[in-house]
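An overview of the molecular structure
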Amino acid sequence: MSEVVRAEMVANVAEVDVKVGDRVPAGSALVLLESMKMEIPVLCELGGTVTEIHVVPGDVIQEGDVIAVLE
């Protein structure tokens, strides 16, 4: 079963902490977002293997944009 991780707000991508192929446990930070001078880690809920990453540092993402996909 896939887990699609989506942005919950408009933000800048500050860091991408994983790469395709990484195995991550539930609750792991995948990326760090910046919005209104706050840093917000984006966590996976289920864990698994990262199969896709749709952002790079410096991207501006919108609410609902896909950040990553895990299997």
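Each chain has its residues counted from 1, following the order in which its sequence is written. Local features are withheld for residues below a pLDDT of 70 in this predicted model, meaning they are given only at 70 or higher, and side-chain atom pairs are given and counted only at 80 or more; totals for whole chains, interfaces and linings count all residues. Note that the side-chain values use all heavy atoms of the structure and ignore hydrogens as well as water.

**Let's talk about the pairing of strand β2 (residues 11-16)**
Operational definition: Strand pairing is defined by DSSP finding a minimum of two bridges between the two strands. Numbering goes from the N terminus for both helices and strands, where a helix is a DSSP run of H or I of at least four residues and a strand is a run of E of at least two.
Here 2 bridges tie β2 to strand β7 (residues 60-61), and the two strands are oriented antiparallel to one another. Bridged to Ala11 within β7 is Ile61.

**Regarding the side chain of Glu3**
Rules: Note on classification: 1.4 Å probe, protein chains only; a residue is buried when its accessible area is under 20% of the maximum for its type, exposed when over 50%, partly exposed between these limits. Positive residues here are Lys and Arg, negative ones are Asp and Glu, while His and the chain termini are left out of the count. One side-chain nitrogen of Lys or Arg within 4 Å of one carboxyl oxygen of Asp or Glu is enough to make a salt bridge. Nitrogen and oxygen atoms within 3.5 Å of one another constitute a polar contact, given that in protein one can donate a hydrogen and the other can accept it, and given that sequence-neighbouring residues count only through two side-chain atoms. For this analysis, residues touch if any pair of their heavy atoms sits within 4.5 Å.
Its location among the elements puts Glu3 in strand β1 (residues 3-6). There is no salt bridge for the buried Glu3, and the closest opposite charge comes from Arg6, which lies 11 Å off by N-O distance. A distance of 3.0 Å separates a polar atom in the side chain of Glu3 from the backbone nitrogen of Leu46. A distance of 3.4 Å separates a polar atom in the side chain of Glu3 from the backbone nitrogen of Gly47. In this structure Glu3 touches Cys44, Glu45, Leu46, Gly47, Ala68, Val69 and Leu70, once residues within four positions along its chain are discounted.

**Re the nonpolar core**
Rules: Here, nonpolar core refers to any group of buried Ala, Val, Leu, Ile, Met, Phe, Trp, Tyr and Cys residues whose side-chain atoms link them within 4.5 Å.
Val24, Leu30, Val31, Leu33, Ile61, Ile67 and Leu70 are the most contacted members of the largest nonpolar core, which totals 18 residues. Listing elements by their share of this core, those giving two or more residues are β2, β4 (29-35), β5 (38-43) and β8 (66-70). Filtering out sequence-adjacent residues up to four positions away, Val24 remains in contact with Val18, Leu30, Cys44, Gly47, Gly48, Val50 and Leu70.

**Here we look at the environment of Arg6**
Residue position: Arg6 is located in strand β1. Remark: the alpha-carbon pair of Arg6 and Gly64, spanning 58 residues in sequence, is separated by 5.3 Å. When sequence neighbours within four positions are dropped, the list of residues in contact with Arg6 reads Gly64, Asp65, Val66 and Ile67. Within the structure, Arg6 has its side chain in polar contact with the backbone oxygen of Gly64 (distance 2.9 Å).

**Remarks on a negative patch on the surface**
Our working definition: Here, patches come from residues exposed beyond 30% relative accessible area and free of salt bridges, joined within 9 Å for like charges and within 5 Å for nonpolar side chains (Val, Leu, Ile, Met, Phe, Trp, Tyr). Accessible surface area values rest on a Shrake-Rupley calculation with a 1.4 Å probe, where residue burial reflects the displayed protein chains alone. Where a charge lies is defined by one atom per residue type, namely NZ (Lys), CZ (Arg), CG (Asp) and CD (Glu).
Residues Glu15, Asp17, Glu34 and Glu39 make up a contiguous surface patch of negative charge. In this structure Asp17 comes out as partly exposed when scored by relative accessible area, which is 41%.

**Here's the deal with the sheet that holds β5**
Strand order across the open sheet formed by 4 strands is β5-β4-β2-β7, with antiparallel pairing between neighbours. One side of each edge strand has no neighbouring strand; the edge strands of this open sheet are β5 and β7.

**Describing the sheet that holds β1**
The antiparallel open sheet is built from 4 strands, whose spatial order is β1-β8-β6-β3. Looking along the sheet, the strands with just one partner apiece sit at the ends: β1 and β3 (23-24).

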